[in-house]
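Architecture at a glance
So the chains spell out like this:
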Amino acid sequence: MPNKEKTLAENIANLGEDATLSGFIASIEEIGKKDPEKLAAAGGFVQSLKNLNSGKKDLVQGAINSLNDIDDWLIERGKSGKTNYEELAEALGKDKMRELILYLNRKLGLDLEPDALAKGLKKLRQMDDHFVDDAADMGERYSSDNVHQEANMPDGPGPEQFDVFNSEHYKKSLEQADFEGNDYNNVRDTVLYATAGFVNLKILQRSGKKLTEKGFIESTNTMIDSPAFRQTILENGGEGWNGLKNVHDSFLKDDGKRFYAGFVQNSLHQKQREEQYIKIKQDAQKQRELEMNKPKPEHVLGQDV
């Protein structure tokens, strides 16, 4: 355990029960009593808050470890189709939810910005829909006979058939990338497709939409060619031999969390750049139209213009 986290756990434990945190816990539990289904997924989150408030160092440390990934939990969707953030904010009230996140920031040294997170969730949903709809609308780019080859899909882990809707198969494929065999093109295709497929599957699952296998493969290929995905690969090492090894190692180390977060961020930035570019073009067009429609000054005979 890093000394910094160990000291933090000890300090929080020594403070004992915190009245503010007790109030948040009580509010969430009260909501659960009124409507158990509404906040069913919050059970683990509430338990982490209780452990954080226990005054026992081991429990506090466990809570710190779990709450470090709270932003991951907040964007997960429940049975209702809403994210855990939306469910809690709706039940607690937006102001109370904001206070809770700011409290955890102060307590654990997190860097969650409540307002940005709320807006980010809205953008994330738009991004989910964008990728899924793009895939559904694409034409007959791949035939059923050659889709396996054209998509550069991994042959699958061992004799088991590769399932594009099984995240474990992407991880197994990545684990089996043959960096020792020095076949660059093979390794590159495996790393790009396995990481893109894994991220695309996560987006599809969170969107709650359905795709055929063919549609999903097409959307994964679209993702690989996207500026946001290329930027994410570059930020994680690039497409050189050493860069691909770094992408491979870091992705497997944290189950793709950092890579996924980077891709979401880059997708949002790309969307913002496209919107800015469109606005610049529209503003320029409006300016040209104004200039064209501006009345020309009349010329009076004998008067210099």
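Rules used in this analysis
Residues numbered from 1 in each chain as written. Predicted model: local features only at pLDDT ≥ 70, side-chain atom pairs only at ≥ 80, totals over all residues. Heavy atoms only, no water. Helix = DSSP H or I, 4+ residues; strand = E, 2+ residues; numbered from the N terminus. Buried < 20%, exposed > 50% of the residue type's maximum accessible area, 1.4 Å probe, protein only. Contact = heavy atoms within 4.5 Å. Areas by Shrake-Rupley, 256 points an atom, 1.4 Å probe, with all protein chains shown as cover. Axes fitted to C-alpha atoms, helices over the stretch in contact; angles between N-to-C directions. Parallel < 35°, antiparallel > 145°, perpendicular 65-115°, else oblique. Left-handed = near helix turned anticlockwise from the far one by under 90°. Nonpolar A, V, L, I, M, F, W, Y, C, P; charged D, E, K, R; others polar. Polar contact = N/O pair within 3.5 Å; in protein donor to acceptor, adjacent residues only side chain to side chain. Salt bridge = Lys/Arg side-chain N within 4 Å of Asp/Glu carboxyl O. Phe/Tyr/Trp six-rings, centres within 6.5 Å; stacked < 30°, edge-to-face > 60°. Expected span 1.5 Å × (residues − 1). Arc of directions from axis to C-beta.

Points about the overall build of the chain
The helix and strand tally for the chain stands at 15 helices and zero strands. When the 305 residues of the chain are sorted by exposure, 40% land in the buried category. Pairs at least 24 residues apart make up 68% of the contacts formed inside the chain by residues separated by at least 6 positions. Entry remark: accessible area of the chain is about 17900 Å², with carbon and sulfur atoms responsible for 49%.

Re the side chain of Ser-48
With respect to the secondary-structure elements, Ser-48 resides in helix H3 (residues 43-52). Take Ser-48: its relative accessible area is 11%, and that puts it in the buried class. The contacts of Ser-48, once residues within four sequence positions are left out, are Ala-63, Ser-66 and Leu-67.

Details of the environment of Phe-179
Structurally, the position occupied by Phe-179 is in the loop between helix H10 (167-175) and helix H11 (184-207). Linking Phe-179 and Asn-242, residues 63 residues apart in sequence, is a C-alpha distance of 9.8 Å. If sequence neighbours within four positions are ignored, Phe-179 has contacts with Val-187, Val-191, Trp-241, Leu-244, Lys-245 and His-248.

Observations concerning the environment of Glu-235
Mapped onto the secondary structure, Glu-235 falls in helix H13 (residues 227-235). By relative accessible area, Glu-235 is classed as partly exposed at 43%. Sequence-wise, Glu-235 and Phe-259 are 24 residues apart; in three dimensions their C-alpha atoms are separated by 9.1 Å.

So, the packing of H10 against H11
In a pair of packed helices, the angle between the axes and the distance between the axes together describe the arrangement. One can describe the packing of H10 onto H11 by two numbers: an axis separation of 9 Å at closest approach and a directional angle of 160°. Taken together, the axis directions place H10 and H11 in an arrangement best described as roughly antiparallel. In the packing of H10 onto H11, the handedness of the crossing is left-handed. Two secondary-structure elements touch here, H10 through Ser-167, Tyr-170, Lys-171, Ser-173 and Leu-174 and H11 through Thr-190, Val-191, Tyr-193, Ala-194, Thr-195, Gly-197, Phe-198 and Leu-201. Among the residues making up the contact of H10 with H11, the classes are represented as seven nonpolar, five polar and one charged.

With respect to H10
An α-helix turns once per 3.6 residues; consequently, residues spaced three or four apart project the same way. Restricting attention to buried positions, one finds in H10 the residues His-169, Tyr-170, Lys-171, Ser-173 and Leu-174. Summarising the contacts, the buried residues of H10 are in contact with H11, helix H12 (213-224) and helix H14 (241-253). The N-terminus of H10 is capped by Asn-166, whose side-chain oxygen sits 2.9 Å from the backbone nitrogen of Glu-168.

Quick look at the pattern of salt bridges
Within the structure shown, the criterion is met by 10 salt bridges. The closest approach of N and O atoms between Glu-10 and Lys-57, which form a salt bridge, is 3.6 Å. Of this pair, Glu-10 sits in helix H1 (residues 3-15) while Lys-57 is found in helix H4 (residues 57-67), placing the two residues 47 residues apart along the sequence. Glu-10 gets classed as partly exposed once you look at its relative accessible area, which sits at 30%. Note on Lys-57: relative accessible area 36%, which makes it partly exposed. A salt bridge links Arg-188 to Asp-189; its shortest N-O distance comes to 3.4 Å. Residue Arg-188 is classed as partly exposed on the basis of its relative accessible area of 21%. Among the residues examined, Asp-189 registers a relative accessible area of 23% and is labelled partly exposed. Through salt bridges with shared partners, a single ionic network connects Arg-188, Asp-189, Asp-225, Arg-230 and Glu-239.

Description of the packing of aromatic side chains
Applying the stated criterion across every chain yields a total of nine aromatic pairs. Between the aromatic rings of Phe-165 and Phe-216, the centroid separation amounts to 5.3 Å while the plane-to-plane angle is 50°, which identifies the pairing as tilted. Residue Phe-165 is located in the loop between helix H9 (147-150) and H10, and its partner Phe-216 is located in helix H12; the two are separated by 51 residues in the primary sequence. Looking at Phe-165, the relative accessible area reads 33%, which means it is partly exposed.

So, helix H2 (residues 19-34)
In this model, H2 (16 residues) spans 23 Å end to end at C-alpha, consistent with the 22 Å of a helix rising 1.5 Å per residue. All of the buried residues in H2 are Leu-21, Phe-24, Ile-25, Ile-28 and Ile-31. Down the axis of H2, the buried side of the element spans an arc of 125°, and every buried residue falls inside it. In H2, the exposed residues that point more than 90 degrees away from the buried face are Ala-19, Lys-33 and Lys-34. The backbone nitrogen of Thr-20 has a side-chain oxygen 2.8 Å away, supplied by the residue at the start of H2, namely Asp-18.

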